[in-house]
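Breakdown of the fold
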Amino acid sequence: MDIQLSDHFTYRKLIRFAFPSIIMMIFTSIYSVVDGFFVSNFAGKTAFAAVNFTFPVLGILGAVGFVFGTGGSAIIATTMGEDKPEEAKRQFSLFVWAAAIIGAFLAFAGFFVLRPILELFGAEGELLENCIFYGRINLIALPAFTLQYAFQSLFVTAGKPKLGLHVTVAAGVTNIVLDALFVGVCRLGLGGAAAATALGQCVGGIVPLIYFARENTSSLRLVKTSYDGRTLGRACTNGSSELMSSIAMSIVSMLFNYQLMKYAGENGVAAYGVMMYVGFVFVAIFIGFSVGTAPIISFHYGAGNHSELQGLRKQSMMIISVISVGMLILAFALARPFSKIFVGYNQELLEMTVQGFAVYSFSFLFSGISIWASGFFTALNNGGISALLSFTRSLLFETAAVMILPLIFGIKGIWLSVVIAEIFAAGLSMLFICLKKKKYHY
């Protein structure tokens, strides 16, 4: 039997409902991981560094999907909690088309801004040209990538998290199979990796569009809608935290690459790329849990079920804490074997990666609470606090740390900066959770 947003949630039921969203986010995170694996092993470390340099820029452009996915889902779920199903469908349709149109515009603009952005952050020569080549192929699929990000949240709100999981897995498998074919077998290098990623994103963005355009068994579908600036503005405000988080993470990644080029050259960028890949997957678990639980929180907030909100807050924080400890242990266990998969062909690079991992891993102990807290306030339609938490965690704290600590500790300061930033962000998140208990009755 399908779990409904209106149900009473136990630990078991909450995990079951959020699990498909977690897997969805993991599969979405593997795009650059799979590209990185094949490119590193079949095209070398310069091409590998190009993937790591370029993907943050693409992440910024595609992140608009999070605005209409997470911000829009909170509005839709609240409307459903108020028992207004037709209005919820119109809102859903508005957000989907807005994501597609803005994604197309950003894809066009991306062709012109890609080179100056990459040059600004230190790419030059062969590395720069590889970045441009890889990035422009991916830009073709950017509207679909934007829709894929949006549908990851909207599938959950529609009561179809398992269907969303199936679509995302299909997109991820498409990327993996085509990477193996284009890069591993046909030896097409960066171009093959970019084409594989773009086609995988098309599966993730276009298949859901077809599903919701037809009669279906979910609570949502595409219907006739019209421009509603106020509702779009609410979604943008509400989802600004997720947009800020994605943009900030991408900017910080580029700052890391800039600092690493200065302190360790291409080896540093490649080492950080391996750590990012583990980070993508681990952080995707936290984001997936946040995305999976957000519609439940929004529904019960809209319905005024304060006791259920209290239970959801306590259960979520306990689950996040257990996962965080498990991730730290797993990161230590996987550091060397995972690094060998990507850079085992270069002993100096391998040792740099493993040493950096030993420090970087501690960030997983603190990042979960900050990510969940930001999503929690988005679900409560408080985009201001959510954006503040995302801004301070992903941009302010990490930027300050990565620019200051290397001056004191050298390259070790770059790895340490992530940990320090996450500790400050977790503390700020807990402060706001405590301060807003009375207002939201959780």
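Before going into details, it helps to say that this report is about the structure given with it. (Residues numbered from 1 in each chain as written. Predicted model: local features only at pLDDT ≥ 70, side-chain atom pairs only at ≥ 80, totals over all residues. Heavy atoms only, no water.)

Quick notes on the nonpolar core
Let me state the cut-off plainly: Throughout, nonpolar core names a set of buried Ala, Val, Leu, Ile, Met, Phe, Trp, Tyr and Cys residues whose side chains join them through atoms within 4.5 Å. Any residue under 20% of the maximum accessible area for its type is buried, any over 50% is exposed, and the rest in between are partly exposed; the area is computed with a 1.4 Å probe on protein chains only. Under the scheme used here, helices are H or I runs from DSSP no shorter than 4 residues and strands are E runs no shorter than 2 residues, and both carry numbers assigned from the N terminus. Any two residues whose heavy atoms approach within 4.5 Å at even a single point are treated as in contact.
By size, the foremost hydrophobic cluster in this structure holds 142 residues, and its most contacted members are Phe92, Leu118, Phe151, Trp372 and Phe377. Per-element tally for this core: the top contributor is helix α11 (residues 265-303), with 20 residues. Each residue touching Trp372, except ones within four places of it in the same chain, is listed here: Phe289, Ser290, Thr293, Arg313, Ser316, Met317, Ile320 and Ile433.

A short note on unusual backbone geometry
Within the chain, Arg187 stands out as a residue other than glycine whose phi angle is a positive 55°. One can find Arg187 in the loop between α7 (161-185) and α8 (189-213). Here His441, not a glycine, exhibits a phi torsion of approximately 60°, which is positive. Relative to the assigned elements, His441 resides in the segment after α17 (437-440).

Examining the packing of α11 against helix α12 (residues 306-343)
Heads up, the rule is: Convention adopted: a line fitted to C-alpha atoms gives each axis, helices being fitted over their contacting stretch, and angles between N-to-C directions are expressed from 0 to 180 degrees. An angle below 35 degrees is read as roughly parallel, one above 145 as roughly antiparallel, one from 65 to 115 as roughly perpendicular, and any other as oblique. Helix crossings get a hand from a simple test, with the near helix turned counterclockwise from the far one by less than a right angle marking a left-handed crossing and a clockwise turn marking a right-handed one. As a working rule, the residues Ala, Val, Leu, Ile, Met, Phe, Trp, Tyr, Cys and Pro are called nonpolar, Asp, Glu, Lys and Arg charged, and the rest polar, with Gly in that last group.
At a minimum axis distance of 8 Å, the contact between α11 and α12 shows a crossing angle of 165°. One way to sum up the angle between α11 and α12 is to call them roughly antiparallel. In the crossing of α11 with α12, the sense of the turn from one axis to the other is right-handed. Taken together, the residues that form the contact of α11 with α12 break down as 21 nonpolar, five polar and one charged.

As for the packing of aromatic side chains
To keep things clear, this is the line we draw: Here a pair means two rings of Phe, Tyr or Trp (six-membered ring of Trp) with centres within 6.5 Å. Their orientation is stacked below 30 degrees between planes, edge-to-face above 60, and tilted elsewhere.
Summed over the entire model, instances satisfying the criterion amount to 21 aromatic pairs. Ring centres of Phe9 and Phe17 lie 5.9 Å apart, and the angle between their planes is 80°; this geometry places the pair in the edge-to-face category. By relative accessible area, Phe17 is classed as buried at 3%. Seen from their ring centres, Phe145 and Tyr149 are 4.6 Å apart, and the 40° between their planes marks the pair as tilted. Here the residue Phe145 and the residue Tyr149 both occupy positions in helix α6 (residues 142-157), the gap between them amounting to four residues, near one helical turn. By way of ring pairs, the aromatic residues Tyr301, Trp372, Phe376, Phe377, Tyr440 and Tyr442 are connected into one cluster.

Brief notes about the side chain of His300
When you line up the elements, His300 lands in helix α11. By relative accessible area, which is 2% here, His300 ends up buried. With residues up to four places along the chain from it excluded, the contact list for His300 reads Leu5, Ser6, Asp7, Phe9, Asn305, Glu308 and Leu312.

None of the figures reported here should be taken as evidence of function without further support.
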